[in-house]
Amino acid sequence: MSNQSGTLFIVATPIGNLGDMSQRAQETLQAVDLIAAEDTRHSKKLLQHFGINTPCQAYHEHNERETAGQLLTRLQNGDSIAVISDAGTPLISDPGFHLVNLAQQADIKVVPIPGSSAILAALATAGLPTDRFIFEGFLSSKQQARQKQLQSLANETRTLVLYESPHRILACLEDMLEILGADRQVVLARELTKAYETVHRETLAGLVDWVKQDKNQQRGEIVLVVAGADEPDPSQIDTESEQVLKILLEYLPVKQAASATASITGVKKNKLYARALEIKPGT
Ligand code: SAM
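Residues numbered from 1 in each chain as written. Predicted model: local features only at pLDDT ≥ 70, side-chain atom pairs only at ≥ 80, totals over all residues. Heavy atoms only, no water.

Asks: I tried to follow the overall build of the protein chain on my own but got confused; where do I start?
Replies: On a plain count of helices and strands, the protein chain comes out with 11 helices and 10 strands. The C-alpha atoms of the protein chain give 25 Å as radius of gyration, which overshoots the globular expectation for 283 residues (19 Å, by more than 25%). Expressed along its principal axes, the backbone C-alpha trace of the protein chain runs to roughly 85 × 55 × 30 Å. Here the protein chain holds 283 residues, and the buried ones make up 43% of them. A separation threshold of at least 6 residues defines the contact pool for the protein chain, and within that pool the share at least 24 residues apart is 69%. Total accessible area on the protein chain is roughly 15200 Å²; 48% of this is exposed by carbon and sulfur atoms. Charge-centre separation for the protein chain: the mean point of 27 positive side chains lies 4 Å from the mean point of 34 negative side chains. (Helix = DSSP H or I, 4+ residues; strand = E, 2+ residues; numbered from the N terminus. Rg over C-alpha atoms; globule rule 2.2 N^0.38 Å. Buried < 20%, exposed > 50% of the residue type's maximum accessible area, 1.4 Å probe, protein only. Contact = heavy atoms within 4.5 Å. Areas by Shrake-Rupley, 256 points an atom, 1.4 Å probe, with all protein chains shown as cover. Lys, Arg positive; Asp, Glu negative; His and termini not counted. Charge placed at Lys NZ, Arg CZ, Asp CG, Glu CD.)

Asks: It is not clear to me how the pairing of strand S1 (residues 7-11) should be interpreted in this structure. Could you clarify?
Replies: Sheet faces and side chains relate simply in a regular strand, where the side chains alternate between the two faces. For S1, the buried fraction is high: 5 of the 5 residues fall into the buried class. Here S1 shows a buried face lined by Thr7, Phe9 and Val11 and a second buried face lined by Leu8 and Ile10. Note that S1 and strand S5 (residues 109-113) share 5 bridges and pair parallel. Of the residues in S5, the one forming a bridge with Phe9 is Val111. Where S1 and strand S4 (residues 81-84) come together, 3 bridges link them in parallel fashion. Counted as the bridge partner of Leu8 is Ile81 from S4. (Pairing = 2+ DSSP bridges.)

Asks: What am I meant to see in helix H3 (residues 64-76) here?
Replies: The periodicity of an α-helix, 3.6 residues per turn, causes residues three or four positions apart to be oriented the same way. Helix length check: H3, at 13 residues, gives a terminal C-alpha distance of 18 Å against a target of 18 Å (1.5 Å per residue), a fit within 8%. Residues of H3 that are buried: Glu64, Thr67, Ala68, Leu71, Leu72 and Leu75. The buried residues of H3 all sit within an arc of 145 degrees when viewed along its axis, so they share a single face. Buried residues along H3 sit in contact with S1, strand S2 (34-37), strand S3 (56-58), S4 and helix H4 (97-105). (Expected span 1.5 Å × (residues − 1). Arc of directions from axis to C-beta.)

Asks: Explain the sheet that holds strand S8 (residues 185-190) to me, please; I cannot follow it from the model alone.
Replies: Read from one edge to the other, the open sheet built from 5 strands follows the order S6-S7-S10-S8-S9, with strand pairing classed as mixed. If you trace the sheet from one side to the other, it starts and ends with strand S6 (133-138) and strand S9 (198-203), each paired once. Along the sheet, successive strands turn relative to each other by an average axial angle of 20 degrees, direction set aside. Alignment of strand S7 (residues 159-164) against strand S10 (residues 222-226), held across 5 bridges, turns out to be antiparallel. Along S10, the bridge assignment pairs Val161 with Val225. Its contacts with the sheet put helix H7 (residues 169-180) on S7, S8 and S10, and the angle it makes with S10 is roughly 10 degrees. (Axes fitted to C-alpha atoms, helices over the stretch in contact; angles between N-to-C directions.)

Asks: What exactly am I supposed to notice about the environment of Asp33 here?
Replies: One can find Asp33 in the loop between helix H1 (23-31) and S2. Separated by 60 residues in sequence, Asp33 and Ser93 have C-alpha atoms that sit 25 Å apart. When residues no more than four places from it in sequence are discounted, the contact partners of Asp33 are Thr54, Pro55, Arg74, Gly78, Asp79 and Ser80.

Asks: Any chance you could explain the sheet that holds S5 here in plain terms?
Replies: Backbone-to-backbone hydrogen bonds pair the strands of a sheet. The strands run either parallel or antiparallel. One open sheet holds the 5 strands; their spatial order is S3-S2-S4-S1-S5, and the pairing between them is parallel. Strands with a single pairing partner mark the edges of an open sheet, and in this sheet they are S3 and S5. Within this sheet the neighbouring strands show an average axis-to-axis angle of 25 degrees, counted without direction. Helix-sheet contacts for helix H2 (residues 40-49) involve S2, S3 and S4, and the interaxial angle to S3 is about 155 degrees. Sheet strands touched by H4: S1, S4 and S5. Its angle to S1, the strand with the most contacts, is close to 145 degrees.

Asks: Please explain the packing of aromatic side chains as it appears in this structure.
Replies: The geometry of an aromatic ring pair comes down to the distance between the two centres and the angle between the two planes. Taken as a whole, this structure holds 2 aromatic pairs when the rule is applied. Residues Phe138 and Tyr163 carry aromatic rings whose centres are separated by 5.6 Å and whose planes lie at 65 degrees to one another, so their mutual orientation is edge-to-face. Taken as a pair, Phe138 in strand S6 and Tyr163 in strand S7 lie far apart in primary sequence, 25 residues in all. Look at Phe138 and you get partly exposed, because its relative accessible area is 43%. (Phe/Tyr/Trp six-rings, centres within 6.5 Å; stacked < 30°, edge-to-face > 60°.)

Asks: Before we go on, may I ask you to explain the domain arrangement of the protein chain in this structure?
Replies: Interfaces are often sized by the accessible area lost when the parts come together. What the domain assignment lists for the protein chain is domain 1 (7-116), domain 2 (119-226) and domain 3 (239-279). When each unit is reduced to the centre of its C-alpha atoms, the spacing between domain 1 and domain 2 is 29 Å. Facing the 6 residues of domain 1 at the interface are 10 residues of domain 2. Across the domain 1 to domain 2 interface the summed buried area is about 500 Å²; carbon plus sulfur atoms make up 63%. In terms of surface lost to domain 2, no three residues of domain 1 exceed Ile15, Ile92 and Ser93, which account for 74% of the buried area on that side. On inspection of domain 1 and its partner domain 2, the count reaches 0 salt bridges. (Domains from an automatic or database assignment. Buried area = accessible area lost by both parts, 1.4 Å probe. Salt bridge = Lys/Arg side-chain N within 4 Å of Asp/Glu carboxyl O.)

This is the structure we're talking about:
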């Protein structure tokens with residue numbers, strides 16, 4: 001059955017500069033039976049530019065679930081389909097997940113046609129560690145929820161990549177300043193591959209001032225690349241570890257409490273033991 005099925009292609013398109021459209025992306029979009037596009041009107045311009053006349057169908061976040069089922073049926077009947085989004089790589093903060101998930105479960109061949117993605121373009125130019133990083137997509141648009149997300153990320157030691165809308169960039173940076181601290185290095189990567197491309201690295205304190213003063217920095221498409229938190233120093237007892245030690249001291253003898261706290265927190269056992277003796281002298 002599956003050898004009669006079509007193939008699902010996940011095709012990256014440029015994030016601004018049409019010169020980044022690969023030859024393979026053009027050939028694939030020309031050859032497939034159908035292009036499932038996030039916004040057909042938007043994609044028509046790109047397709048026209050490259051002389052591609054393949055039929056298009058809308059496939060966006062509001063119809064993703066129902067449309068995925070229909071597209072799967074077409075794939076099972078032998079049609080080949082390409083998914084594209086408005087810019088960059090589909091599924092990366094863009095529609096496509098439901099269809100790829102269904103296709104994988106139905107044993108349909110899924111082929112990537114890689115190309116631009118704002119995450120990697122920003123990360124590669126930020127000059128922050130790239131050996132390990134995390135991507136959090138867009139933070140919440142609601143301040144309270146966003147602050148909570150930032151609090152949970154404050155001790156993350158890996159480089160953090162975020163997408164942010166220009167309308168919220170200042171509010172988001174101000175929350176970061178409050179929660180991650182003034183000295184954290186952040187790169188604002190804006191309008192990558194376009195005429196007003198900007199890659200600006202500063203401390204959070206400096207970046208907030210810069211974005212406040214230059215309203216142009218609150219326009220266009222933006223990725224933030226945030227330096228990870230410093231690795232915890234195992235010779236220092238941070239407040240969280242001290243809290244763990246105090247709780248365990250209520251239930252365990254000093255030596256066991258220090259040992260268990262060391263296993264939980266990674267702080268050196270002898271440091272914790274010395275501190276435990278200060279908290280519970282004479283034990
Ligand atoms: N799928 C896309 C990708 O692979 O990068 C991302 C889609 S997401 C809906 C759109 C967000 O990506 C923008 O709000 C911005 O944060 C980021 N972005 C897209 N193009 C960009 C560009 N040229 N420069 C900077 N950020 C960009």
